[in-house]
Amino acid sequence: MSRIGRMRRSRFLASSIGVTCAAALALPAALPATASAAIPTDSSSAAVHTPARSSTPTRPLSLSPAAGSTQSLPSSPRADRSLGPAAPEQGLGKRDVRSFSLVGVVWDNPDAELEGRVQVRTRATDTARWSGWQDVETHNHEHAADPDTAERSSGRVRGSTAPLWVGDSDGVEVRVRAETRGRTAAPGVQLLPDGLRLELVDPGVGAPVGAAGPAAVTGAAHIAEPPPVGTVDAPTLGALTVESAAASAVNADLAPLGSTAIPALSRKETVERLATSASGAKPYIGPRPRIVTRAGWGADEKLRERDFRYTKRVDVAFVHHTASGNNYKCTQAASVIRSIYRYHVVSSGWRDIGYNFLVDKCGNIYEGRAGGVAKAVMGAHTLGFNTNSMGVAVIGSFSSTKPPAVTVKAIAQLTAWKLGLYGANPKGKTYLTSGGGNLYPKGKKVRLNVISGHRDGFATECPGGRLYGKLGTARSEAARLQGR
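This text gives an overview of the structure that appears in the document.

Cut-offs and rules
Residues numbered from 1 in each chain as written. Predicted model: local features only at pLDDT ≥ 70, side-chain atom pairs only at ≥ 80, totals over all residues. Heavy atoms only, no water. Buried < 20%, exposed > 50% of the residue type's maximum accessible area, 1.4 Å probe, protein only. Helix = DSSP H or I, 4+ residues; strand = E, 2+ residues; numbered from the N terminus. Arc of directions from axis to C-beta. Contact = heavy atoms within 4.5 Å. Expected span 1.5 Å × (residues − 1). Disulfide = S-S within 2.5 Å. Pairing = 2+ DSSP bridges. Phe/Tyr/Trp six-rings, centres within 6.5 Å; stacked < 30°, edge-to-face > 60°. Lys NZ or Arg CZ within 6 Å of the ring centre and 35° of its normal. Core = buried A, V, L, I, M, F, W, Y, C linked by side-chain atoms within 4.5 Å. Polar contact = N/O pair within 3.5 Å; in protein donor to acceptor, adjacent residues only side chain to side chain. Salt bridge = Lys/Arg side-chain N within 4 Å of Asp/Glu carboxyl O.

**Focus: helix 9 (residues 471–481)**
Part 1 of the argument: Along helix 9, the residues classified as buried are Leu471, Ala474, Arg475, Ala478, Ala479 and Leu481. Buried positions in helix 9, seen along its axis, are confined to an arc of 160 degrees and lie on one side of it.
Part 2 of the argument: On its buried face, helix 9 is in contact with helix 4 (267–272), strand 11 (316–321), helix 7 (405–421), strand 16 (445–449), strand 17 (451–453) and helix 8 (465–468).
Part 3 of the argument: Immediately downstream of helix 9, the backbone of Gly483 shows phi near 85 degrees, a positive value.

So, in structure tokens, the structure goes:
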């Protein structure tokens, strides 16, 4: 399979260069102002983040509502304000804010942990209804770029909780309480990290035409013949920015430029599209599933870092849950992903969304970090093990909630195809070298399942006990789909 991989990479590179050049020639000489990095003006007291890759402030421009926005509000002591940062409880009282749908808390030092409890309650937009207090997952630093990488050491990365999807809201209250077990609570001793801020994310309005809905589950409908490699959709091309054209061009072998979804293939078609090796060895690979592209879920490509980072191959698939809650409809999945993307980049300071793929509770599969769904894109999902791996995140929280069968099936379909591209057996084991973490020191070779849970590489609850318990089913199904 290594020779197959080399041949495919050569073919991919050639076609991608051609399509990228075509895209560059077809794009207007002067892009509209909204193609530049910009954030809507905020008339409230809340700060609004510029994109993480900006080193200097950008003057706010007028953007359409679809662009989304982030409100960043500093926390303050909730009891004795004279204690300042040493206060054991911080937060914000009830207040009116601009519309948002996802919340999280960030702080200055990414190496500092928030040892405590974060709770929020929100008011549904244009109503007087306040939710009850909801817990936000505080242990999130294990979803991150590896130590000593350029992404981790950029100086922009912040500590952060997991994001929580709350739906359309225009009011918020938050409390952050320090837990003092095993630590001193003496006056003046700081228990919470510096720079606590509440992040309120508006994902923007709607997804592009052609994005997946709940009926678009892999294999649910007749599969149309894919377009020729390198096809350029001229009407779509005219609406692309340089950034969105680049994000689409890396999938040029799989779908036309600007496509909102990469079509599914049968196993026979998938095998036929692989270069045949001289030895005639049988490729073990599952049928390619339908994948909603970044264009399909409406990624604002101006937010992320412009270049793509790759690792050598994909030996392990780490399964995660987003810990963002299960209170979403499948028709809202694109909005949830846009919110997580914005939270990862603007609020947490990452170069792009951390996961390589996401799966919703209806079994739809989504492209995550930009760089090409068939490529070995370097993610930021499993601290210490982002090299030669990929991260698949199921949207939701699965510590006590059973994942839908269709979601487990989608994990199997995705891994059967993607791992098959790199000759990996979903039921097998392999070795990865740790980049450093709380389970394995840097440099240690660790034997892992080819399909592993996040907790196999780091001491964490992720992907939740109920989802972790279904990984054996996913492994067996993925191997069957590969023809093993």
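**Some points on helix 6 (residues 333–347)**
Part 1 of the argument: The terminal C-alpha atoms of helix 6 lie 20 Å apart, and with 15 residues this matches the ideal 21 Å at 1.5 Å per residue to within 8%.
Part 2 of the argument: Most of helix 6 is tucked away: 15 of the 15 residues are buried.
Part 3 of the argument: Just downstream of helix 6, Gly349 is the residue with a positive phi angle, here 85 degrees.

**Let's talk about the state of the cysteines**
What is meant by a disulfide is a covalent connection between two cysteines, made through their sulfur atoms.
Part 1 of the argument: Within this structure, the stated rule accounts for one disulfide.
Part 2 of the argument: The residue that forms a disulfide with Cys330 is Cys362, at a sulfur-sulfur distance of 2.1 Å. The disulfide joining Cys330 to Cys362 has a torsion of about 95 degrees about its S-S bond and is therefore right-handed. Within this pair, whereas Cys330 is found in the loop between strand 11 and helix 6, its partner Cys362 is found in the loop between strand 12 (357–359) and strand 13 (365–367), the two being separated by 32 residues in sequence.
Part 3 of the argument: Given the relative accessible area of 6%, Cys330 is considered buried.

**A few points about the pairing of strand 1 (residues 69–74)**
Part 1 of the argument: Across the six residues that make up strand 1, a large majority, five, are buried.
Part 2 of the argument: Here six bridges tie strand 1 to strand 8 (residues 197–202), and the two strands are oriented antiparallel to one another. For Gln71, the partnering residue across the bridge sits in strand 8 and is Leu200.

**Things to note about unusual backbone geometry**
Part 1 of the argument: In this structure, the amide linkage connecting Cys462 to the following residue, Pro463, adopts the cis form with an omega of 10 degrees.
Part 2 of the argument: When you line up the elements, Pro463 lands in the loop between strand 17 and helix 8.
Part 3 of the argument: You will see that Asp126, though not glycine, has its phi angle at about 60 degrees, which is positive.
Part 4 of the argument: Positive phi values are uncommon outside glycine, yet Ala323 reaches one of about 60 degrees.
Part 5 of the argument: Counting through the fold element by element, Ala323 comes out in the loop between strand 11 and helix 6.

**Some words on the pairing of strand 8**
Part 1 of the argument: Counting buried positions along strand 8 yields five of six residues, so the element is predominantly enclosed.
Part 2 of the argument: Where strand 3 (residues 89–107) and strand 8 come together, five bridges link them in antiparallel fashion. Paired with Val105 across the strands is Leu198, a residue of strand 8.

**Some details on the packing of aromatic side chains**
Part 1 of the argument: Evaluated as defined, the whole model comprises three aromatic pairs.
Part 2 of the argument: Aromatic pair Phe318 and Phe385: ring centres 6.2 Å apart, planes at 45 degrees, arrangement tilted. Of the two residues, Phe318 is situated in strand 11 and Phe385 in the loop between strand 13 and strand 14 (389–394); the sequence distance between them amounts to 67 residues. Phe385 shares its class with Phe318; the two are buried.
Part 3 of the argument: Consider the rings of Phe385 and Tyr440, whose centres lie 6.1 Å apart with planes at 85 degrees: the pair is edge-to-face. Here Phe385 is found in the loop between strand 13 and strand 14, whereas its partner Tyr440 is found in the loop between strand 15 (429–433) and strand 16, with 55 residues between them in sequence.
Part 4 of the argument: Following the ring pairs from residue to residue traces out a cluster consisting of Phe318, Phe385 and Tyr440.
Part 5 of the argument: Positioned above the aromatic ring of Tyr310, the side-chain terminus of Lys375 is 5.9 Å from the ring centre.

**Concerning the nonpolar core**
Part 1 of the argument: Residues Ile291, Phe357, Ile365, Val373, Trp417, Leu419 and Leu421 are the most contacted members of the largest nonpolar core, which totals 37 residues.
Part 2 of the argument: Breaking this core down by element, the ones donating at least two residues are strand 11, strand 12, strand 14, helix 7 and helix 9.
Part 3 of the argument: For this core, the element with the most residues is helix 7, which contributes nine residues.
Part 4 of the argument: If near-sequence neighbours (up to four positions away) are discounted, Trp417 is found in contact with Thr270, Ile285, Gly286, Pro287, Arg288, Pro289, Ile291, Val373 and Ala374.
Part 5 of the argument: By size, the runner-up hydrophobic cluster in this structure holds 24 residues, among which are Val106, Tyr328, Ile353 and Leu358.

**Things to note about the side chain of Thr270**
Part 1 of the argument: With respect to the helices, strands and loops of the structure, Thr270 is situated in helix 4.
Part 2 of the argument: Residue classification places Thr270 among the buried positions, given a relative accessible area of 5%.
Part 3 of the argument: One polar contact links the side chain of Thr270 to the main-chain amide nitrogen of Arg288, over a distance of 3.0 Å.
Part 4 of the argument: Ignoring any residue separated from it by four or fewer positions in sequence, one finds Thr270 in contact with Leu265, Ile285, Gly286, Pro287, Arg288 and Trp417.

**Some words on the environment of Gly469**
Part 1 of the argument: Assignment of secondary structure puts Gly469 in the loop between helix 8 and helix 9.
Part 2 of the argument: C-alpha of Gly469 to C-alpha of Pro403: the two residues are 66 residues apart in sequence and 9.8 Å apart in space.

**As for the pattern of salt bridges**
Part 1 of the argument: Overall, the coordinates contain 17 salt bridges when judged by the stated rule.
Part 2 of the argument: Glu243 is the salt-bridge partner of Arg306, the closest N and O atoms lying 3.3 Å from each other. Here Arg306 is found in the loop between helix 5 (294–297) and strand 11, whereas its partner Glu243 is found in helix 3 (residues 242–249), with 63 residues between them in sequence.
Part 3 of the argument: Overall, Arg306 belongs to the exposed group, its relative accessible area being 53%.
Part 4 of the argument: Among the ionic pairs, Asp352 bridges to Arg294, the shortest N-O distance being 3.2 Å.

**Some thoughts on the side chain of Arg338**
Part 1 of the argument: Relative to the helices and strands, Arg338 resides in helix 6.
Part 2 of the argument: From its side chain, Arg338 meets the backbone oxygen of Gly204 in a polar contact 3.3 Å long.
Part 3 of the argument: Here the side chain of Arg338 touches Trp297 through a polar contact of 3.0 Å, landing on its backbone oxygen.

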